[in-house]
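# Remarks on the overall topology
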Amino acid sequence: MDARQTVSTEHHFLHSPQRIRTLLALFGAPGAWVMQMALTPPIAAYACYPHQFPLPVPLWPGLTAILATIGFVCLAGALFSGYIALASWRSLARYSKDASNKQLPFQKDEGQARFLTMLGMMSSFVFIVAILFNTFAVLSIRSCSAWI
Amino acid sequence: MAATDAPQYRIDPPLERIPEMGRIPAGSAIEARLEKIWETAPGWRGWLSTVDHKTIGVRYLVTAFLFLVIGGIEALFLRIQLAGPDMAFLTPEQYNQLFTMHGVTMIFLYALPVLSGFSNYLWPLLLGSRDMAFPRLNALSYWIFLFAGLFMYISFPLGQAPNAGWFNYVPFSGPIYNTGPNIDVFALGMVLLGISTTVGSINFVVTLFRMRAPGMTINRVPILVWGTLTASVANLFAIPAVSLAFFLLWLDRQIGAHFFDVANNGQPLLWQHLFWIFGHPWVYVVVLPAMGIVSDALPTFCRRPLVGYTAVALATMATMLLGFGVWVHHMFATGLPTVALSIFGAASMVISIPSAVAVFAWIATIWLGKPVFKTPFLFFAGFVALFIIGGMSGVMTAAVPLDWQLNETYFIVAHLHYVLLGINVFPVVGAIYYWFPKFTGRMMSEKLGKWSFWTMFIGFNAGFFPMHIAGLLGMPRRIYTYPSRMGWDEVNLITTVGSFIFAVGVLIFLVNVVLSVKRGARAGANPWDAPTLEWAVSSPPPAYNFATIPTIASRHPLWEGRIEGEEEHSRTKLEEGYLLMRGRETLGTSPIDAKPVVILKMPEDSYTPFLVGLFVSLLFVGLLLHSWTFTALMAALSCAALSSWMWPRRKLGQRTTRHGPASAGRGGEGP
Ligand code: HEM
Ligand SMILES: [Cu+2]
């Protein structure tokens, strides 16, 4: 049969709005974790060691609150991406159950959508845990150095 | 429409003709023509000019193993010196240079290059392509690696080798405390090696997204490929930090800059940050591809596909990304704010999640499979065991208070050898046993193989486990001797004996290699009955790899139809495929779903990569010797060689005709 038709249906998945959701599910939580890692240690370092000498207490009294807020915002972002991943997974499962959809894009893409969505769920899980760990790490200690 | 129809994709018309589908019977005239197109000139000319990924891969492997042997001999010298208290086999300065060169050699000249060797050899075969995306860049990467390795050993015979440890901390490595050429050799050598690693990494990344056979969608990529891809992407972010660090240090030492000089408001901690921002990702760079090797090869011996492919792929990538957020665990004792310590400690612990996922996937694969106890399987199973031990001591040091106790003791030396030998050397040796038939067309001896495994495994544990105890007894690392009253005599003697047993194991392995190259039993295309694509071609593979470009329909193309519960509708096509033989050609496909999009014109063999590598390396020699005219001359020659390399060629479709875009398609190599 017409080969071109095959090409166009098979390309369908990657050109659909699903694509944005997949990208978000894949990279949302890791991105949030990177944000937290990029903000928290430098802010803490500056607050505790602004010039030549370390301080016994942070420059700003609300340091822990600031860092915790960053943690919660990042956590919210990661949870959202996890939610998107889960939702995509569910809709995919619904699709494949429906036998009449055999010829639809999700069937035709040879498992790519399943794979990417699964990756998204797993990466969201790992990085949600990572953000939680970081946030606990911030909350569980005094901010500035134990060295002086 | 039946899915079994030969898939015929539309290749972008302005770029190329639509290639025909067909078969090329073995021994036919067409096959001979293909052979002719891809063959390398005989003799030294071919030797210096070849860009064949298989040749380059083998070179990487051989060179890296030579460095492993050199680094190993250095280690044995160290162990002789430490065998008993108050020994005077080595002077303190000799000890410093030897442990530094041992670390540098193992980490930089063995551990990654050996994996690059496997990846270079195997990637195009695993992916169903005819070469890497940039074959000449590949050759350049090898030559610079070789020259950088030689460069770092330049001062060794003069007794002036690098002597400040592999992480080369300032101020000891700065101009005040280290006046000889020792550190300059290391600094310049590392910048040079960085070029090799960078171009090599770019090549892997582009190859993955461009060179997969049609049908090898993103969910069918072998795990070794995921591992090397992840490592390569990481290199592109990590290498600039270390190259910068060493360049700044060189400026401090040679032109009086003060980046790390406290007396002039420099920052010694800047060195540590720049080094470890690179250094920790690097330790994953040297293990993830090795873990990929196990994930791909272990299933062959378990007679079932890997359990949890998706989870292992994700674990690989997640480990690497997390690995960029843990470098401060090497700096717990430097006085950073407590928030930084606790955050980096927490992130270091999170890494154990993806690592555990991978470990459980391997264990499940063994558990649910029907293991065949061949030598490679033993090495892979041994790897899992050592990984668990090394992982445990790793999590322990991620705890800040415990690390304050363990830092700079032999506990760390034990940990780093468990992870580096466990996760790199054991899989690598197993992988040689596994792919040796593919490389050479001959099997390695099973009998010697089993001997080599058990000697290595027992020797390793006897040698390195007691180091944990030495560390707990308070023995610092990097000491050249110790008095008897410390109570470290027995553990050190056991360690030395174990090290020598391990070395004997490596020797048995090398003897096995040498004997089997000549006299091993002949191997067919697929002696292990393995599932992946490299086993579809003859052993050793022909220069063009695949006579026709295959079409892939699953993750284990050679096991299709055997696995229960598998969808049956689509089959991988190995015999019939795109015929590409107007010059060196291969197929370029789309990044995610691997649809054919372009016919890539691959470059001919060329001397230019060798020459560029040579001149650039000599340029660094000029810098080392402060011979500025020579340096300038080499810079000019490098540019000339580069221009000749890059000169647009009609054959590669890089010179457009008056009638619009290139008549012959688009080049594989840059303009
Ligand atoms: C026969 C095998 C080996 C033996 C007997 C051995 C032994 C040693 C010894 C005695 C030290 C010095 C400890 C000190 O004084 O602080 C050392 C350091 C080290 N080894 Fe090994 N080693 C072996 C293989 C390897 C391998 C295969 C690797 C990496 C792939 C490796 C990586 C390192 C590193 C990175 C250091 C630290 C160097 C430094 O402190 O700067 N070793 N090893
Ligand atoms: Cu580390």
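Source: prediction; values computed, not measured. (Residues numbered from 1 in each chain as written. Chains lettered and ligands numbered in written order. Predicted model: local features only at pLDDT ≥ 70, side-chain atom pairs only at ≥ 80, totals over all residues. Heavy atoms only, no water.)

### Thoughts on the overall build of chain B
Helix and strand content of chain B: 19 helices and 6 strands. For chain B, whose C-alpha radius of gyration is 25 Å, the value lies close to the compact-globule estimate of 26 Å for 671 residues. On the principal axes, the C-alpha backbone points of chain B span a range of 80 × 65 × 50 Å. When each of the 671 residues of chain B is scored for burial, the buried share is 62%. Pairs at least 24 apart in sequence give 80% of the contacts found in chain B among residues at least 6 apart. Surface summary for chain B: the accessible area is close to 24,600 Å², and the carbon and sulfur share equals 68%. Across chain B, the centroid of the 43 positively charged side chains sits 7 Å from that of the 35 negatively charged ones. (Helix = DSSP H or I, 4+ residues; strand = E, 2+ residues; numbered from the N terminus. Rg over C-alpha atoms; globule rule 2.2 N^0.38 Å. Buried < 20%, exposed > 50% of the residue type's maximum accessible area, 1.4 Å probe, protein only. Contact = heavy atoms within 4.5 Å. Areas by Shrake-Rupley, 256 points an atom, 1.4 Å probe, with all protein chains shown as cover. Lys, Arg positive; Asp, Glu negative; His and termini not counted. Charge placed at Lys NZ, Arg CZ, Asp CG, Glu CD.)

### A closer look at the overall build of chain A
Looking only at helices and strands, chain A features 6 helices and 0 strands. Scored against the burial criterion, the 148 residues of chain A give a buried share of 44%. Partitioning the contacts of chain A with sequence separation of at least 6, the portion at a separation of at least 24 is 80%. Surface summary for chain A: the accessible area is close to 8,100 Å², and the carbon and sulfur share equals 70%.

### Digging into the coordination of the copper ion (ligand 2)
Residues and elements named next belong to chain B. Taken together, the protein donors to the copper ion (ligand 2) comprise His-280 (ND1), His-329 (NE2) and His-330 (NE2), at separations of 1.7 to 2.0 Å. Each donor residue of the copper ion (ligand 2) lies on the same chain, and together they follow the pattern H-x48-H-H. Judged by its relative accessible area of 28%, His-330 falls in the partly exposed class. (Donors = N, O, S within 2.8 Å, 3.2 Å for Na, K, Ca; no water.)

### Some words on the site of ligand 1
Residue and element names in this part refer to chain B. Taken together, 22 residues lie around ligand 1, and Tyr-95, His-102, Trp-166, His-417 and Arg-478 are the ones closest in. The separation between a nitrogen atom of ligand 1 and a polar side-chain atom of His-417 is 2.8 Å. Note that an oxygen atom of ligand 1 is positioned 2.6 Å from one of the backbone N or O atoms of Arg-478. Of the residues belonging to the shell around ligand 1, the class tally is 14 nonpolar, 5 polar and 3 charged. (Near = heavy atom within 4 Å. Polar contact = N/O pair within 3.5 Å; in protein donor to acceptor, adjacent residues only side chain to side chain. Nonpolar A, V, L, I, M, F, W, Y, C, P; charged D, E, K, R; others polar.)

### Structural notes on the UniProt feature "domain: Cytochrome oxidase subunit I profile" (unreviewed entry) in chain B
Under the feature "domain: Cytochrome oxidase subunit I profile" (unreviewed entry), the UniProt entry names residues 38-553 of chain B. Helix makes up 68% of residues 38-553 of chain B and strand 1%, and the two end C-alpha atoms of the span are 27 Å apart. (UniProt positions renumbered as here; feature names shortened; annotations may be inferred.)

### Observations regarding the interface of chain A and chain B
Chain A puts 43 residues into the contact, and the matching count from chain B is 39 residues. Roughly 3,600 Å² of surface becomes buried between chain A and chain B when both sides are summed, with 77% attributable to carbon and sulfur atoms. The interface formed by chain A and chain B contains 0 salt bridges. The interface formed by chain A and chain B contains 2 residue pairs in polar contact (both at pLDDT 80 or more). Of all the elements in the fold, those that place two or more residues in the side of chain A that touches chain B are helix 1 (3-10), helix 3 (18-48) and helix 6 (112-139) of chain A. It is helix 6 of chain A that contributes the most residues to the side of chain A that touches chain B, 15 residues altogether. Residue composition of the side of chain A that touches chain B, grouped by class: 29 nonpolar, 10 polar and 4 charged. (Buried area = accessible area lost by both parts, 1.4 Å probe. Salt bridge = Lys/Arg side-chain N within 4 Å of Asp/Glu carboxyl O.)

### As for helix 3 (residues 53-82) of chain B
For helix 3 of chain B, spanning 30 residues, the distance from its first C-alpha to its last is 43 Å, which sits close to the expected 44 Å at 1.5 Å a residue. Two or three places before Lys54(B), at the start of helix 3 of chain B, stands the capping residue Asp52(B), its side-chain oxygen 2.8 Å from that residue's backbone nitrogen. (Expected span 1.5 Å × (residues − 1).)

### Details of the packing of aromatic side chains
What describes a pair of aromatic rings is the distance from one ring centre to the other and the angle between the planes of the rings. Residue and element names in this part refer to chain B. Tallying each qualifying case throughout the model produces 67 aromatic pairs over all chains. An angle of 70° between the planes, with centres 4.9 Å apart, marks the rings of Trp-362 and Phe-383 as edge-to-face. Within this pair, whereas Trp-362 is found in helix 12 (residues 352-368), its partner Phe-383 is found in helix 13 (residues 375-398), the two being separated by 21 residues in sequence. The exposure class assigned to Phe-383 is buried, which follows from its relative accessible area of 0%. The ring of Trp-47 is capped by Arg-59, whose NZ or CZ atom sits 4.4 Å from the centre of that ring. Over the face of the ring belonging to Phe-167 we find Arg-478, whose NZ or CZ atom lies 4.3 Å from the ring centre. (Phe/Tyr/Trp six-rings, centres within 6.5 Å; stacked < 30°, edge-to-face > 60°. Lys NZ or Arg CZ within 6 Å of the ring centre and 35° of its normal.)

### Topic: unusual backbone geometry
All names here are of chain B. Of note, the amide linkage connecting Val-170 to Pro-171 takes the cis form, showing an omega dihedral of 0°. Topologically, Pro-171 is positioned in the loop between helix 5 (135-152) and helix 6 (182-210). Here the residue pair Ser-539 and Pro-540 is connected by a cis peptide bond, since its omega of -15° sits within 30 degrees of zero. Note on placement: Pro-540 falls in the loop between helix 17 (489-519) and strand 2 (549-551). The backbone of Arg-303 sits at a positive phi, close to 55°, despite the residue not being glycine.

### Notes on the coordination of the iron atom of ligand 1
Residue and element names in this part refer to chain B. Taken together, His-102 (NE2) and His-417 (NE2) make up the protein donors of the iron atom of ligand 1, found 1.9 to 2.0 Å from the metal. The coordination sphere of the iron atom of ligand 1 comprises 6 donor atoms, whose angles at the metal cover 89 to 179°; the geometry is octahedral. Of this pair, His-102 sits in helix 4 (residues 92-127) while His-417 sits in helix 15 (residues 410-440); the two residues are 315 residues apart in sequence, bridging distant segments of the chain. Judged by its relative accessible area of 14%, His-102 is buried. (Tetrahedral: all angles 85-135°; square planar, octahedral: opposite > 155°, others 65-115°.)

### A look at the packing of helix 8 (residues 268-285) of chain B against helix 10 (residues 309-323) of chain B
Helices that pack against each other are described as a pair by the angle of their axes relative to one another and the distance between those axes. All names here are of chain B. Between helix 8 and helix 10, whose axes approach to 9 Å, the crossing angle comes to 165°. The angle between helix 8 and helix 10 falls in the class roughly antiparallel. In this structure, helix 8 crosses over helix 10, and the sense of that crossing is right-handed. Contacts from His-280, Pro-281, Tyr-284 and Val-285 in helix 8 reach Thr-319, Met-320 and Gly-323 in helix 10. In terms of residue class, the contact of helix 8 with helix 10 is built from 4 nonpolar, 3 polar and no charged. (Axes fitted to C-alpha atoms, helices over the stretch in contact; angles between N-to-C directions. Parallel < 35°, antiparallel > 145°, perpendicular 65-115°, else oblique. Left-handed = near helix turned anticlockwise from the far one by under 90°.)

### Overview of the pattern of salt bridges
All names here are of chain B. Applying the stated criterion across every chain yields a total of 8 salt bridges over all chains. The shortest N-O distance in the salt bridge between Asp-184 and Arg-253 comes to 2.9 Å. You can see Asp-184 sitting in helix 6 and its partner Arg-253 sitting in helix 7 (residues 223-254), a full 69 residues away along the chain. Here Arg-253 falls in the buried class, since its relative accessible area comes to 11%. In this structure, Asp-605 engages Arg-584 in a salt bridge whose closest nitrogen and oxygen atoms are separated by 3.2 Å. Placement of the pair is Asp-605 in the loop between strand 5 (596-601) and helix 18 (608-625) and Arg-584 in the loop between strand 3 (573-578) and strand 4 (585-589), with a sequence separation of 21 residues. Look at Arg-584 and you get buried, because its relative accessible area is 6%.

### Quick look at the sheet that holds strand 1 (residues 21-23) of chain B
Sheet strands pair via backbone hydrogen bonds, and the direction of the pair is either parallel or antiparallel. Residues and elements named next belong to chain B. Read from one edge to the other, the open sheet built from 3 strands follows the order 1-3-2, with strand pairing classed as antiparallel. Looking at strand neighbours, the two that pair on one side only are strand 1 and strand 2, the edges of this open sheet. Neighbour to neighbour, the strand axes of the sheet diverge by 55° on average, direction disregarded. Sheet analysis places strand 1 next to strand 3, joined by 3 bridges and oriented antiparallel. The partner of Arg-23 across the bridge, within strand 3, is Glu-576. (Pairing = 2+ DSSP bridges.)

### Re the environment of Tyr169(B)
Residues and elements named next belong to chain B. Residue position: Tyr-169 is located in the loop between helix 5 and helix 6. Sequence separation between Tyr-169 and Phe-275 is 106 residues, and the spatial gap between their C-alpha atoms is 8.9 Å. Those residues in contact with Tyr-169 that lie beyond four places of it in its chain are Ala-164, Trp-271, Gln-272, Trp-276 and His-330. Within polar-contact distance, the side chain of Tyr-169 engages the side chain of Trp-276 at 2.7 Å.

### Remarks on the environment of Met475(B)
Residue and element names in this part refer to chain B. With respect to the secondary-structure elements, Met-475 resides in the loop between helix 16 (446-472) and helix 17. With 67 residues separating them in the primary sequence, Met-475 and Glu-408 have C-alpha atoms 8.7 Å apart. Discounting chain neighbours no more than four positions away, the residues touching Met-475 are Thr-409, Tyr-410, Ala-470, Tyr-482, Trp-488 and Asn-492.

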